[in-house]
Every structure is written in structure tokens, then in C-alpha cells.
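Report on the structure
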Amino acid sequence: MNLFDTDSRKDEILAYYDQEASVTGVAFSPDGRLIAGNDTKHHKVYLWKNPKESVR
């Protein structure tokens, strides 16, 4: 999954997940530290740490 950094205007790799996955939606936690993605094909939810929030 890629995350677009609006400050640097660069496309950054955020996280890797199973290539067979079908992530169709993402959401940020209220504090911005976590990102969740749902895989509708395999009925899974992925959680990633937001690299932009971990350095603050």
C-alpha cells in the first residue's frame, strides 16, 4: 500500500501485505498513529503503524 505525502508530494510505501489480498478501504485511527485496511476477499483487517506519526 502506498501513502501520498502531501507535504513532500512524494508517493511513499506504507506497508506490504499479501499480494492475494484485496484491500478495498482504509481508515486512520483518531490519533493518526494507526492505519487499518480491510480485505474483502479474505475477510481480514490489516493494521499498520503510520510512519509519519511515529517520528513526531
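Let us look at the structure shown here. What you are looking at is a predicted structure, and each value in this text was computed from that prediction instead of being measured. (Residues numbered from 1 in each chain as written. Predicted model: local features only at pLDDT ≥ 70, side-chain atom pairs only at ≥ 80, totals over all residues. Heavy atoms only, no water.)

1. Quick word on the packing of aromatic side chains
Going through the model one piece at a time under the given rule, you end up with one aromatic pair. Taken together, a centroid distance of 5.8 Å and an interplanar angle of 10° make the contact between Y46 and W48 stacked. Exposure class is identical for Y46 and W48. Each is buried. (Phe/Tyr/Trp six-rings, centres within 6.5 Å; stacked < 30°, edge-to-face > 60°. Buried < 20%, exposed > 50% of the residue type's maximum accessible area, 1.4 Å probe, protein only.)

2. As for unusual backbone geometry
Positive phi, normally seen in glycine, also occurs at H43, with a value near 55°. Checked against the element boundaries, H43 lands in the loop between β4 (34-39) and β5 (44-49). (Helix = DSSP H or I, 4+ residues; strand = E, 2+ residues; numbered from the N terminus.)

3. A short note on the environment of I35
Assignment of secondary structure puts I35 in strand β4. When its relative accessible area of 2% is taken as the criterion, I35 is described as buried. As a C-alpha pair, I35 and L47 span 12 residues in sequence and 5.7 Å in three-dimensional space.

4. Comments concerning the environment of L47
Mapping L47 onto the fold places it in strand β5. Every residue in contact with L47, bar those within four places of it in the chain, is listed here: I35 and A36. (Contact = heavy atoms within 4.5 Å.)

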